[in-house]
Amino acid sequence: MKAVILGRGAFAALVAGAMMLGTASAETLRLSHNVGDTTTWHKGAEKFGELISGATGGDISVRVFPNAQLSGGDQMKQAEMIGRGALDLVLTSAINVTPLVPEMAVFSLPYLYSSYDEVDATTQGAPGEMMAAILLEKGIVVLAWGENGFREITNNTRPITSPDDMKGLNMRVAGPMYIDVMNALGANPQQMQWSETLTALQQGVVDGQENPIGAVIIPQQVYEMQKYLTTWHYSYDPIFLGISKAKWDSYDAEMQDKLRTAATEAMEYQRQITRDGTASGIDFLREKGMEVTELTPEQLAAFREATQPAFDTWAAKVGPEIVEAFRAAIAEAQ
């Protein structure tokens, strides 16, 4: 067999062809989430991108789009777009999916949880798997659960120490369940996209809002627009990293395993930095000039009683079997 000697031009063409083949196999996935690029959501999304790029040798990269840019600023629309394959990946909270999957409201039922151990028993246990199976029916594959956190309330009108203090306040809320909660407390709920909320707070269109400290209130600098914060821990909100079923099914088992492994590690990181930020957040917010009210067990009991009608309404919508599965896991963690 004769040796084949390539000239410089032919060799360069061969190298270029090989590079083109390598480039052609690379894929960029679009990941949408609905808060800003300073949040722990965004950091978790970027961590996932780093991990999956490393695991695949650059064959898969992730481009992160904050503030629900890919759904026209509509944070509720993201889940529907993932379900029909119009988006590759989504990082969103359970409450944002309730228009498509009402059962997802179970996580946020008022005063369902009292600790992170109870939360983890559901999101990282059988209840989380149950909810992932329901989302799969809508074309969404849950790769891993992260954390938005316990939602606390801020406003510019007065300290909140009892349900009576909520009466008449115009409160921005994210989803339908929170409308019922605010109505039960005598507030005036206004459902609003997060992308519009900061401006609404600055202009006084709404008096206040409710969101987790570590994931949203601090990184989105809500403290610059709000005077009062009450840690009432009334509702917990997980987030999940999901991929469209159509995209998921296009990968072989090895690639699916890499995606799930990267997602799990990224969301473990995201949960930890969120909890770290929450733990140090009260002191930080006081330093920034917020008046922080931490409720006593007796004060919390008054809020729990006042929001029971909303709990009962949404527990019925979620379904007794799901609520019981969550309560059983929580009881086991106590």
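Residues numbered from 1 in each chain as written. Predicted model: local features only at pLDDT ≥ 70, side-chain atom pairs only at ≥ 80, totals over all residues. Heavy atoms only, no water.

(A) Highlighting the overall build of the protein chain. Helices and strands together make up the secondary structure of the protein chain, namely 14 helices and 9 strands. Expressed as a percentage of contacts within the protein chain between residues at least 6 apart in sequence, the contacts between residues at least 24 apart total 75%. Looking at the protein chain as shown, the accessible area adds up to about 14,400 Å², and 51% of this sits on carbon and sulfur atoms. In the protein chain, 25 positive and 41 negative side-chain charges are present, and the distance between their average locations comes to 8 Å. (Helix = DSSP H or I, 4+ residues; strand = E, 2+ residues; numbered from the N terminus. Contact = heavy atoms within 4.5 Å. Areas by Shrake-Rupley, 256 points an atom, 1.4 Å probe, with all protein chains shown as cover. Lys, Arg positive; Asp, Glu negative; His and termini not counted. Charge placed at Lys NZ, Arg CZ, Asp CG, Glu CD.)

(B) How the structure looks around the confidence of the model for the protein chain. Of the residues in the protein chain, 93% have a pLDDT of 70 or more, and the chain-wide mean is 92. Here residues 1-6 is modelled with pLDDT under 50, and outside its nearest four sequence neighbours on either side it reaches 2 contacts, counting other chains as well. Counting interchain partners and residues more than four positions distant, the pLDDT-below-50 stretch residues 11-24 has 2 contacts. (pLDDT = per-residue confidence, 0-100.)

(C) Up close: the packing of helix H2 (residues 40-55) against helix H10 (residues 253-279). The N-to-C vectors of H2 and H10 enclose an angle of 150°; their axes lie 8 Å apart at closest approach. Classified by the angle their axes make, H2 and H10 are roughly antiparallel. Crossing geometry of H2 relative to H10 is assigned as right-handed. The segment H2 lies against H10, with Thr-40, Trp-41, Lys-43, Gly-44, Lys-47, Phe-48, Leu-51, Ile-52 and Ala-55 engaging Lys-258, Leu-259, Ala-262, Ala-263, Glu-265, Ala-266, Met-267, Tyr-269, Gln-270, Ile-273 and Thr-274. Taken together, the residues that form the contact of H2 with H10 break down as 12 nonpolar, 4 polar and 4 charged. (Axes fitted to C-alpha atoms, helices over the stretch in contact; angles between N-to-C directions. Parallel < 35°, antiparallel > 145°, perpendicular 65-115°, else oblique. Left-handed = near helix turned anticlockwise from the far one by under 90°. Nonpolar A, V, L, I, M, F, W, Y, C, P; charged D, E, K, R; others polar.)

(D) Highlighting the packing of helix H5 (residues 126-136) against helix H14 (residues 320-333). Look at H5 against H14: their axes get within 9 Å of each other, and the N-to-C directions meet at 155°. Classified by the angle between their axes, H5 and H14 sit roughly antiparallel to one another. Between H5 and H14, the contacting residues are Pro-127, Met-130, Met-131 and Ile-134 on the first element and Ile-322, Ala-325, Phe-326 and Ala-329 on the second. Tallied by class, the residues present in the contact of H5 with H14 amount to 8 nonpolar, no polar and no charged.

(E) Quick look at the packing of aromatic side chains. Applying the stated criterion across every chain, the model contains 10 aromatic pairs. Between the aromatic rings of Tyr-113 and Tyr-236, the centroid separation amounts to 5.6 Å while the plane-to-plane angle is 75°, which identifies the pairing as edge-to-face. With Tyr-113 in the loop between strand S3 (89-93) and helix H4 (116-123) and Tyr-236 in strand S8 (residues 228-244), this residue pair connects regions lying 123 residues apart in the sequence. Overall, Tyr-113 belongs to the buried group, its relative accessible area being 5%. Residues Trp-145 and Phe-240 carry aromatic rings whose centres are separated by 5.7 Å and whose planes lie at 65° to one another, so their mutual orientation is edge-to-face. Placement of Trp-145 in strand S4 (residues 140-155) and of Phe-240 in strand S8 is noted, with a sequence separation of 95 residues between them. With respect to burial, Trp-145 and Phe-240 carry one shared label: buried. Ring pairing ties together the aromatic residues Phe-107, Trp-145, Phe-240 and Phe-326, which thus form one cluster. The ring of Tyr-269 has Lys-47 lying over it, and the distance from NZ or CZ to the ring centre is 4.8 Å. One cation-aromatic arrangement involves Lys-317 over Trp-314; the distance from NZ or CZ to the ring centre is 4.1 Å. (Phe/Tyr/Trp six-rings, centres within 6.5 Å; stacked < 30°, edge-to-face > 60°. Buried < 20%, exposed > 50% of the residue type's maximum accessible area, 1.4 Å probe, protein only. Lys NZ or Arg CZ within 6 Å of the ring centre and 35° of its normal.)

(F) Quick peek at the pairing of strand S6 (residues 188-191). In the sheet, strand S5 (residues 170-173) pairs with S6 via 4 bridges, with the strands oriented parallel. Its bridge partner lying in S6, Arg-172 is registered against Gln-190. Note that the unit made of S5, helix H6 (residues 176-184) and S6 has a crossover that is right-handed. (Pairing = 2+ DSSP bridges. Right-handed = clockwise from strand over helix to strand, strands pointing away.)

(G) Here's a closer look at the pattern of salt bridges. If you walk through the whole model with that rule in mind, you get 10 salt bridges. Taking the shortest distance from any N to any O, the salt bridge between Glu-27 and Lys-247 comes out at 2.8 Å. With Glu-27 in strand S1 (residues 27-33) and Lys-247 in helix H9 (residues 245-249), the pair connects residues that are 220 residues apart, well separated along the chain. A residue is classified by how much of its surface remains accessible, and Glu-27, at 22% relative accessible area, is partly exposed. Here Arg-151 makes a salt bridge to Asp-237, at a shortest N to O gap of 2.8 Å. (Salt bridge = Lys/Arg side-chain N within 4 Å of Asp/Glu carboxyl O.)

(H) Examining the side chain of His-33 more closely. Relative to the helices and strands, His-33 resides in strand S1. On the basis of relative accessible area, His-33 is assigned to the buried category, the value being 0%.

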